[in-house]
Amino acid sequence: MSEAAAPAAAAPVPSPTLGGLASCFLQIALSSFGGGLSAWTRRIVIEERRWMTDEQFLTALTITRLFPGPNQVNMAIYVGVRFRGLAGALAALAGLLIVPLTILISLGYAYFHFHHIPALQAVLSGVVAAAAGMALSMGVKIVGNYLWQWDALLFGAAAFAGVDMFKISLPLVVVVLTPLAMIWFWPRAAAPAAEQP
Amino acid sequence: MNDELHTLWRIAAVFLSLSLVSLGGGNTILPDIHRAAVHDNQWMSDTQFAAIYAIAEAAPGPSSMIVSLVGLKAGGLVGALVAVAAILGPSSLLMYIACRTWDRFRDAKWRIAFERGMGPVSLGLLFASGLTVVRSSDHSLAAYAITAVSCALLVRTKISPLLIMAAAGVLGGLGLVGQ
């Protein structure tokens, strides 16, 4: 792990082609049957293809989570743009979406065609209950990061109450709460190093 | 014909309006998708919504692709494609612009404030999404128990969600969940 070893480890990997981008994100989509897309993206983009370093990936992950849209879709755009511009983004998106969408829409057709069959309904009654647990688990996992941070929890509670209890539409909740949260969490320049942009 | 076009327009309008507020990876918009699909437009029943949520979670690809199944029920295959294009279009365009400009704002205070402020707001929205699905899915004590156990397993262990859903499907098939 010495400094001298770093340049040798960073052997130049040829920049990916459009086909490479598409096949990479297809591989990610198919590996992630049932979740864990971020972990798979990391493994495939960094460990297998070695297109980015860990640090570059973390930056990418932050941006893709911060902006609206599915994280994996945003990640495909980020990686595609980085290497091949707009065409790269489209290639990565095609790889990520076409096969999974085909599978999903086929499943949807099957469901809407057969959903009145009692046996299927019985099985699904269990499956949907487990999926509901999955939907809950996303918030439960994250709330641990904010324990005892009363201001953060208050903003979370306000967002929750707005959508769930008062049935306010999501765009309105986001447009009102985001600026308030930004003002509240605005970095205060306590240090003299007040950089003026 | 006019009716079909009107439906496609409704699908596009619903999902275009949600694209730029689909924070937290897109899972935060479930309450509004539910309201649009079940109540406002009556494209499907509550039970069907719970089912397509489970199907979208089990299938590969991003979970917000649930919109394709709402579009499919409302407007057929074209409806599905319109829904996907509408939900991804604006946010993808914004992401594309962000990729090209974000690094310039590395030290900007508004960027830091944005990064700190979005987390808590998304958190609350995620809980609202979770509850929306629970209310659509669970209609018996056994169902609530399965939800609680699967939530705990997903938070505490690395068991594959597919395995958990399959096990719950077996319980349902045995008639242990009730409708």
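Anything mentioned here points back to the structure above.
The paragraphs below set out a description of the structure included in this document. Since this is a predicted model, take the numbers as computed values, not measurements.

What follows concerns the overall build of chain A. When helices and strands are tallied, chain A shows 8 helices and 0 strands. When the 197 residues of chain A are sorted by exposure, 39% land in the buried category. Sequence-distant contacts in chain A: of pairs separated by 6 or more residues, those separated by 24 or more amount to 44%.

To continue, consider the environment of B:Ser19. Looking at where B:Ser19 falls in the secondary structure, it is placed in helix α1 (residues 2-19). The sequence separation of B:Ser19 and B:Ile87 amounts to 68 residues, and the corresponding C-alpha distance is 4.7 Å. With near-sequence residues (within four places) excluded, B:Ser19 lies in contact with A:Pro68, B:Ala86, B:Ile87, B:Gly89, B:Pro90 and B:Ser91.

The next point concerns the packing of helix α6 (residues 118-143) of chain A against helix α7 (residues 161-173) of chain B. α7(B) packs onto α6(A) with a crossing angle of 140 degrees between their chain directions and a minimal axis gap of 7 Å. As the angle between them shows, α6(A) and α7(B) are arranged oblique. As α6(A) packs across α7(B), the resulting crossing turns out to be right-handed. Contacts between α6(A) and α7(B) involve A:Ala119, A:Ala122, A:Val123, A:Leu124, A:Ser125, A:Gly126, A:Val127, A:Ala129, A:Ala130, A:Ala131 and A:Met134 from the former and B:Pro161, B:Ile164, B:Met165, B:Ala168, B:Gly169, B:Val170, B:Leu171, B:Gly172 and B:Gly173 from the latter. Looking at the contact of α6(A) with α7(B) residue by residue, the classes come out as 15 nonpolar, 5 polar and no charged.

All names here are of chain B. Here Trp43 lies in the loop between α2 (30-40) and α3 (46-58). Exposure remark for Trp43: the 22 C-beta atoms within 10 Å place this residue in the buried category. Taking C-alpha positions, Trp43 is 17 Å from Ser137, a pair spaced 94 residues apart along the chain.

A separate point is the nonpolar core. Formed by 112 residues in total, the largest nonpolar core has its most connected members in A:Ala92, A:Ala131, B:Ala54 and B:Ala83. If you tally residues by element for this core, the top one is helix α5 (residues 71-114) of chain A, at 16 residues. Those residues in contact with A:Ala131 that lie beyond four places of it in its chain are B:Tyr53, B:Ala54, B:Glu57, B:Val133, B:Ser137 and B:Met165.

All names here are of chain A. At Trp148, a position not held by glycine, the phi torsion is positive, near 70 degrees. Assessed through the 6 C-beta atoms surrounding it within 10 Å, Trp148 is described here as exposed. The residue Lys167 is not glycine, and still its phi comes out positive at about 55 degrees. Residue placement: Lys167 occurs in the loop between α7 (150-165) and α8 (170-184). Residue Lys167 is classed as exposed on the basis of its 11 C-beta neighbours within 10 Å.

Bringing the interface of chain B and chain A into the picture now. Counting from both sides, the interface comprises 96 residues of chain B and, opposite them, 80 residues of chain A. Secondary-structure elements contributing two or more residues to the side of chain B that touches chain A are α1, α2, α3, α4 (66-101), α5 (109-137), α6 (141-156) and α7 of chain B. Looking at the side of chain B that touches chain A, the element that brings in the most residues is α5(B), giving 24 residues.

On to the packing of α5(A) against α4(B), then. It is at 11 Å that the axes of α5(A) and α4(B) come closest, and there the two elements cross at 165 degrees. One way to sum up the angle between α5(A) and α4(B) is to call them roughly antiparallel. The two elements α5(A) and α4(B) cross, and the hand of that crossing is right-handed. Here A:Val73, A:Asn74, A:Ile77, A:Tyr78, A:Val81, A:Ala89, A:Leu101, A:Leu104, A:Ile105, A:Gly108 and A:Phe112 of α5(A) lie close against α4(B), whose contacting residues are B:Ser68, B:Leu69, B:Leu72, B:Lys73, B:Ala80, B:Val84, B:Leu88, B:Ser92, B:Met95, B:Tyr96, B:Cys99 and B:Arg100. Across the contact of α5(A) with α4(B), the residue classes break down as 17 nonpolar, 4 polar and 2 charged.

Rules of the game
- Residues numbered from 1 in each chain as written.
- Chains lettered and ligands numbered in written order.
- Predicted model: local features only at pLDDT ≥ 70, side-chain atom pairs only at ≥ 80, totals over all residues.
- Helix = DSSP H or I, 4+ residues; strand = E, 2+ residues; numbered from the N terminus.
- Buried ≥ 20, exposed ≤ 12 C-beta atoms within 10 Å, placed from the backbone.
- Contact = placed C-beta atoms within 7 Å.
- Axes fitted to C-alpha atoms, helices over the stretch in contact; angles between N-to-C directions.
- Parallel < 35°, antiparallel > 145°, perpendicular 65-115°, else oblique.
- Left-handed = near helix turned anticlockwise from the far one by under 90°.
- Nonpolar A, V, L, I, M, F, W, Y, C, P; charged D, E, K, R; others polar.
- Core = buried A, V, L, I, M, F, W, Y, C linked by C-beta atoms within 7 Å.

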